[in-house]
Amino acid sequence: YLGLVWDFPAPLVIRQSGAPDLRLTARYHGKSLQPPLYWSVRVARWSREQVWSAEFTHHKLYLRDPPPEVQEFTLTHGYNLLTLSHGWREGRSWYGVSAGTVVAHPESRVRGRKLAENGGPFGRGYYLAGPSLGLFAGRKLNCGPGAFGAAQLRLTASFARVPVAEGDADVPDFAAHVLLGGGYAGDR
């Protein structure tokens, strides 16, 4: 799936040793259609009118209008959402809920101190950063034997605690996602 995302204003708290906390209302650009693109991939198992699925969504956050103390604050390799979902079908439409985790890759320079991007469990800059919950509704269009197109609207509420140089930041995100894609459904 490819799509667009709109992030709602949310509180952002940045803590750094030897300096007062920065507290602001963050507004983010999603830059969905700029590389790296916003995308999502899903594997699902239908059983009658219910579906269980695992999904990975590459979501990005770029802080708009940062205060002077913040030279850079982005999560462009991802404010990624790794979720499990349960849904119900009614005709060609489906609805459901999801829960999972944020896999974050922060890039920041705060008060002139740049975060090294080689941290995290595998030294690649990625961190399991916090929980994510979602609601979704979608519509399916059959395109031939097994092939289908799909559109989905998703609302997510997520929280991540990510490192900054000599500190950390609390980065909640509330977003509306519109996704378009397709796939193949085997025998059911």
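Residues numbered from 1 in each chain as written. Predicted model: local features only at pLDDT ≥ 70, side-chain atom pairs only at ≥ 80, totals over all residues. Heavy atoms only, no water.

Turning our attention to the overall build of the protein. Along the protein, the regular secondary structure elements total zero helices and 15 strands. By its C-alpha atoms, the protein is 60 × 30 × 25 Å across when sized along the principal axes. Looking at the protein as a whole, 45% of its 188 residues qualify as buried. Accessible surface computed for the protein: about 9800 Å², of which carbon and sulfur atoms make up 61%. One way to put it: in the protein the 21 positive side-chain charges average out to a point 6 Å from where the 15 negative ones average out. (Helix = DSSP H or I, 4+ residues; strand = E, 2+ residues; numbered from the N terminus. Buried < 20%, exposed > 50% of the residue type's maximum accessible area, 1.4 Å probe, protein only. Areas by Shrake-Rupley, 256 points an atom, 1.4 Å probe, with all protein chains shown as cover. Lys, Arg positive; Asp, Glu negative; His and termini not counted. Charge placed at Lys NZ, Arg CZ, Asp CG, Glu CD.)

Tracing the backbone shows Ala-175 in strand β15 (residues 167–184). When the C-alpha positions of Ala-175 and Ala-160 are compared, they lie 14 Å apart, and in sequence the two are 15 residues distant. Contact partners of Ala-175, with chain neighbours within four places excluded, come to Val-5, Trp-6, Asp-7, Phe-8, His-59, Arg-154, Leu-155 and Thr-156. (Contact = heavy atoms within 4.5 Å.)

This part is about the confidence of the model for the protein. Of the residues in the protein, 99% have a pLDDT of 70 or more, and the chain-wide mean is 93. Ranking the elements of the protein by mean pLDDT puts strand β5 (residues 39–47) last, at 90, and strand β2 (residues 10–16) first, at 98. (pLDDT = per-residue confidence, 0-100.)

We now examine the nonpolar core. In terms of nonpolar packing, the biggest core is built from 22 residues, with Leu-12, Ile-14, Phe-73, Val-162 and Val-171 touching the most fellow members. Of all the secondary structure elements, the ones that give two or more residues to this core are β2, β3 (22–26), β7 (61–63), β8 (70–75), β9 (79–90), β10 (93–104), β14 (147–164) and β15. In this structure, Val-162 is in contact with Phe-73, Leu-75, Ala-104, Pro-106, Ala-129, Asp-168, Ala-169 and Val-171, ignoring residues within four places of it in sequence. Among the nonpolar cores identified, the runner-up in size contains nine residues, and Val-5, Trp-94, Phe-148 and Leu-179 belong to it. (Core = buried A, V, L, I, M, F, W, Y, C linked by side-chain atoms within 4.5 Å.)

The residue His-59 is located in the loop between β6 (50–58) and β7 in this model. Within the structure, the side chain of His-59 is placed 3.0 Å from the side chain of Asp-7, a separation counted as a polar contact. Dropping the residues within four chain positions of it, His-59 is found in contact with Val-5, Asp-7, Tyr-38, Leu-75, Gly-78, Tyr-79, Asn-80, Asp-173, Ala-175 and His-177. (Polar contact = N/O pair within 3.5 Å; in protein donor to acceptor, adjacent residues only side chain to side chain.)

One open sheet holds the five strands; their spatial order is β4-β7-β8-β11-β12, and the pairing between them is antiparallel. The two strands at the open ends of the sheet, each matched to only one other strand, are β4 (28–29) and β12 (113–114). By the bridge criterion, four bridges tie β8 to strand β11 (residues 107–110) in an arrangement that is antiparallel. Counted as the bridge partner of Val-70 is Val-110 from β11. (Pairing = 2+ DSSP bridges.)

The subject of this paragraph is unusual backbone geometry. That bond from Pro-35 to Pro-36 is cis: its omega, -10°, falls within 30 degrees of zero. Structurally, the position occupied by Pro-36 is in the loop between β4 and β5. With a phi close to 45°, Lys-31 is a non-glycine residue in the positive phi region. Positionally, Lys-31 belongs in the loop between β4 and β5. The class for Lys-31 is partly exposed, based on a relative accessible area of 32%. Even without being a glycine, Asp-65 presents a positive backbone phi close to 45°. Checked against the element boundaries, Asp-65 lands in the loop between β7 and β8.

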